[in-house]
Amino acid sequence: MAFSALLLGLLTASAFAADRPAPPRLPIAAKWSVDLTTAVASDPVADGDRVFLALRSAHLVALRAADGGEAWRVEKTVSVPFAAADGLVFIAADEAIEALSAADGRSVWLLPRVKAVAPLVVAGTLLFAVTAEEIVAVRAADGAIAWRQPAGGVDLPPAIDGTRVYLGAKDGRIIALDVADGTLRWEKYVRLGVTAIGAGAGRVYAGAGDKRFHCLNARSGSPEWSFHVGALINGRLAVDGDRVYFSALDNVVRALDRATGNQRWKRPLNRRPIAGVRLLGHVVFVPIAGAELVMLYDHDGVPSGIITLAGDTSRDTPPAFRETEAGLELFVVTGGLSNLWKMTHIGPAGEAAMVPFASMDIPGAMFLTDPVLAPIAQVLPWVLGDPVLQPLEDLGWPLRMDDPPLVPLTTLPGLQLRPLSPVLPPRRGA
């Protein structure tokens, strides 16, 4: 019976732990902030120990992620948001696609006569570039074209999930292609054009010009559900195992059930969201117009905090996010109307370092001593230790328990008592 009760308790505790949502990976705080020489043309890109910026002065700059110092700078006019992976930076400039070394900025390969009109996306060994007429898959290592497929009217970055790449066109087409060879798998339509597209775990999600959010089966393209938003959805979508997250131009962030489309929560914002949402460490990050970055808990949409930035962000320069072993990292460009451009690194906030009393410049520091580290069982044995066992013959038998002697209060130090007078005090008016 005892074993069965213990087993039942362990199983119940495991079930509760499985149902309990994971907490956000916080806190995070500003690590460093550096001034930039000019305005930034697109959002920053982080990879490895570098963060890369395309400046409006026709320069591509690499900063060290550790301290913000400049590692290298080359003259490049970047036309669309770029990408980086595996020690290479991929840019679209001068009607060509080029790969630069992340270490020193030297050119590794150049693919001419490919003018990208949408942000570059790298996934695995392939780089995807969308032009005005087609999508081109390029081998990231050497710049050779793996395949190309007609896809006109697309200006959104492609969404990749598993073995498929998905495109959303301005005329409402949603196109599914094989990543390996570009084979067309299916093509579906939504009303009034695609305004946002994302994919994850066997489903494709799209915001449409009809102000609805659509969910399609990733294998067949058949519609599964749609949700009436009442406002245009734009920017990046985020998907996890349970929900899909997005922001709309009604200044609201929503989380829908991934399988049914039922709304799980919504959170109104006091400013216009820019560039959609990002999901990292169970936190939904929502860049907004202004000097703040909103954070929401993915489980219920409750605010997890607000990060105050060094200046205003803009729609063209949303932050770069990544999740490392140390924790969450963000690289945020601010400037806005002030034209005082800065790059700020926001990362995991560690515990404060232990500082010895002797090194502190405070009055009386010489009279303070630092604590000595010792096991808690030695410091508080009466809490963690078992009582010392004594033989019964040392306790005496039979045990005798006596009441403590009664002591008058007058014997307590500092306490003076006097007997009460038997005569009552006179009453007024008597």
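In this text, all values refer to a predicted model and were calculated from it rather than measured experimentally.

1. Topic: the confidence of the model for the protein chain
Mean pLDDT over the protein chain: 84, with 74% of residues reaching 70 or higher. Predicted confidence for residues 13-18 stays below pLDDT 50, and this span has 0 contacts to residues more than four positions away or in other chains.

2. A look at the environment of Leu237
On the secondary structure map, Leu237 appears in the loop between β21 (223-228) and β22 (238-239). Judged by relative accessible area, which is 11%, Leu237 ranks as buried. The sequence separation of Leu237 and Gly276 amounts to 39 residues, and the corresponding C-alpha distance is 6.3 Å. Apart from residues no more than four positions distant in its own chain, Leu237 is found in contact with Ala196, Ile197, Gly198, Tyr205, Phe213, Tyr245, Phe246 and Val277.

3. Digging into the side chain of Arg164
Note that Arg164 resides in strand β15 (residues 164-168). Given a relative accessible area of 6%, Arg164 falls into the buried group. Here the side chain of Arg164 touches Asp178 through a polar contact of 3.3 Å, side chain to side chain. Excluding residues that lie within four positions of it along the chain, Arg164 makes contacts with Ala159, Leu177, Asp178, Val179, Arg185, Trp186, Ala218 and Arg219.

4. Concerning the packing of aromatic side chains
Under the definition given, this model contains 11 aromatic pairs. Between Trp32 and Phe331, the aromatic rings sit 6.4 Å apart at their centres with planes inclined by 50 degrees, giving tilted as the arrangement. On the criterion of sequence distance, the pair formed by Trp32 in strand β1 (residues 28-35) and Phe331 in strand β31 (residues 328-334) is long-range, its members being 299 residues apart. Residues Trp32 and Phe331 agree in their burial class; the two are buried. Seen in terms of ring centroids, Tyr205 and Trp225 are 6.2 Å apart; in terms of plane orientation they differ by 50 degrees. Their pairing is tilted. Of the two residues, Tyr205 is situated in strand β19 (residues 203-208) and Trp225 in strand β21; the sequence distance between them amounts to 20 residues. Judged by its relative accessible area of 0%, Tyr205 is buried.

5. Considering the pairing of strand β5 (residues 70-75)
Inspection of the sheet shows strand β4 (residues 59-64) paired to β5 by 5 bridges, in the antiparallel sense. Opposite His59, over in β5, you have Glu75 as the bridge partner. Remark: 5 residues form the turn of the hairpin made by β4 and β5, two consecutive strands paired antiparallel; Gly68 in that turn has positive phi of roughly 85 degrees.

6. Concerning the nonpolar core
Among the nonpolar cores identified, the biggest contains 17 residues, and Phe90, Ile97, Trp109, Leu120 and Leu127 are the most heavily contacted of them. Looking at this core element by element, the count peaks at 3 residues for strand β7 (residues 88-93). Ignoring any residue separated from it by four or fewer positions in sequence, one finds Leu127 in contact with Phe90, Ile97, Trp109, Leu120, Val121, Val122, Val136, Ala137, Val138 and Ala140. Within the second largest apolar cluster, 16 residues are counted, among which are Leu55, Val61, Phe331 and Val333.

7. Points about the pattern of salt bridges
If you walk through the whole model with that rule in mind, you get 16 salt bridges. It is possible to trace a salt-bridge network through shared partners that takes in Arg164, Asp178 and Arg185.

Conventions we followed
Residues numbered from 1 in each chain as written. Predicted model: local features only at pLDDT ≥ 70, side-chain atom pairs only at ≥ 80, totals over all residues. Heavy atoms only, no water. pLDDT = per-residue confidence, 0-100. Contact = heavy atoms within 4.5 Å. Helix = DSSP H or I, 4+ residues; strand = E, 2+ residues; numbered from the N terminus. Buried < 20%, exposed > 50% of the residue type's maximum accessible area, 1.4 Å probe, protein only. Polar contact = N/O pair within 3.5 Å; in protein donor to acceptor, adjacent residues only side chain to side chain. Phe/Tyr/Trp six-rings, centres within 6.5 Å; stacked < 30°, edge-to-face > 60°. Pairing = 2+ DSSP bridges. Core = buried A, V, L, I, M, F, W, Y, C linked by side-chain atoms within 4.5 Å. Salt bridge = Lys/Arg side-chain N within 4 Å of Asp/Glu carboxyl O.

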